[in-house]
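Residues per chain are reported as follows:
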Amino acid sequence: MIKKFLTSVILGTMIFLGENAMAEDALNIKQKSIATAASYAARGNLAGLRQALANGLDAGITVNEFKEIFVQTYAYCGFPRSLNALNTLMQVVEERGNKDAQGKLPGAKPEGTSLEYGAVNQTKLVGQPVSGKIYEFAPAIDEYLKAHLFGDIFSRDNVDWQTRELATIAMLASMNNVDSQLRSHINVGKYNGLSDGQVKEILEIADKAGAEGVLFGFGTENTAYAQYFIGKSYLQPLAKEGINAANVTFEPRCRNNWHIHHKTGQTLFVVSGRGWYQEWGKPAQELKPGDVVEIPEGVKHWHGAAKDSWFTHIAVSVPNEGASAEWLEAVSDEEYDKLK
């Protein structure tokens, strides 16, 4: 999580901006989506990334724009994070029927070598030539930065430099022990047109993405009960004896069938995301982190994720002789889509 002192030191007098000033230079919906996706990619939170990708594609971000951000991810977070993010993007696009706009491809590269035009790009991006003892100590890293990052990547012109810096700030704000680099890229981002208010918002987005991770892990896909769910869910058992306790994570729109617990009740502790709980004959109840639902024995009910959010709860029940779950009809799309 980003420390408050870091935010205040980085942004300086920005903390004195009034609400009107903040509103005038807020991130737009596409910028928010890119910052969110970049943060989840940097953290390796693929569940959060899937949701951010769906929201971003719905907001009009093209497939090729997301590709560019995740290719760039390798330079700041390593190839494993980059490859996992790209693979997640590929899966999401396929699951959505390959109907999302592909967007522009980059134009032709500048004349010369990637090292030559990379050095030019770096100077333009930062506003001055970049030097330092570290580059004298290890000249190879200076060459790789200029040639690979600022040459091969930053010369791809289907994503502008301001957007690339926005994504970079979100990535670095999601990593540990990179304060110096974060400070530098905040300055570069502001040099390329990001306002203090927008930078603050990027940091808040990255902070929130860190807070919304799945606390106990995803476990494995809940294949044993998949026939009783619409959409994918993931199960992480939390106790081996004494009580039945499991962390259950639902993808957006995933919900279980109507069902009844016989000879035992169940308690749900909401951990993250947004979801729904409904008892037969009653209105659906929206669920948010911190909510607790006590489900009595013999009550017909269902629970699951909201349309636009992953959802995680801990399900706890006390073992009892003869206890069982009776699985009933599915919650239809027609019923589900009536929920706000």
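Before going into details, it helps to say that this report is about the structure given with it. (Residues numbered from 1 in each chain as written. Predicted model: local features only at pLDDT ≥ 70, side-chain atom pairs only at ≥ 80, totals over all residues. Heavy atoms only, no water.)

### Observations regarding the packing of aromatic side chains
Put simply, the test is: Ring geometry is summarised as follows: Phe, Tyr and Trp rings, the Trp one being its six-membered ring, pair when their centres sit within 6.5 Å, and such pairs are stacked at plane angles under 30 degrees, edge-to-face over 60 and tilted between the two. For helices the rule is a DSSP run of H or I covering at least 4 residues; for strands it is a run of E covering at least 2, with both sets numbered from the N terminus onward. The buried label goes to any residue with under 20% of its type's maximum accessible area, the exposed label to any with over 50%, and the partly exposed label to all in between, with areas taken from a 1.4 Å probe on protein chains only. As a reminder, the over-ring test applies to NZ of lysine and CZ of arginine, requiring each to be within 6 Å of the ring centre and within 35 degrees of the ring normal.
Considering all chains together, one arrives at 12 aromatic pairs under this definition. Relative to phenylalanine 70, the ring of phenylalanine 66 lies with its centre 5.9 Å away and its plane at 5 degrees, an arrangement referred to as stacked. Pair noted here: phenylalanine 66 and phenylalanine 70 are both in helix α5 (residues 63–77), with a separation of 4 residues, about one helical turn. An identical accessibility class is assigned to phenylalanine 66 and phenylalanine 70; each is buried. Taken together, Tyr225, Tyr228, Phe229, Phe250, Phe311 and Trp327 form an aromatic cluster joined through their ring pairs. Lying over the aromatic face of tyrosine 336, lysine 307 brings its terminal NZ or CZ to 5.5 Å of the ring centre.

### Concerning the sheet that holds strand β7 (residues 266–273)
Convention followed: When DSSP finds at least two bridges between two strands, those strands are taken to pair.
Reading across from one edge, β1-β3-β4-β12-β7-β10 is the order of the 6 strands in this open sheet, with antiparallel pairing throughout. Only two strands of the sheet have a single neighbouring strand rather than two, namely β1 (220–221) and β10 (292–295). With 4 bridges connecting them, β7 and β10 associate as antiparallel partners. Across the sheet, residue glutamine 266 finds its bridge partner in β10, namely isoleucine 295.

### Description of the pattern of salt bridges
We count it as follows: Basic side-chain nitrogens of Lys or Arg form a salt bridge, by our definition, when they fall within 4 Å of a carboxyl oxygen of Asp or Glu.
The final tally for this structure, using the stated rule, is 18 salt bridges. Across the salt bridge formed by aspartate 333 and arginine 255, the nearest N and O atoms sit 2.8 Å from each other. With aspartate 333 in helix α13 (residues 333–336) and arginine 255 in strand β5 (residues 255–256), this pair connects stretches of sequence that are 78 residues apart. Salt bridges here are not isolated pairs; linked through shared partners, they connect Arg253, Arg255, Asp333 and Asp337.

Honestly, that's just the spatial picture; any functional story needs more than this.
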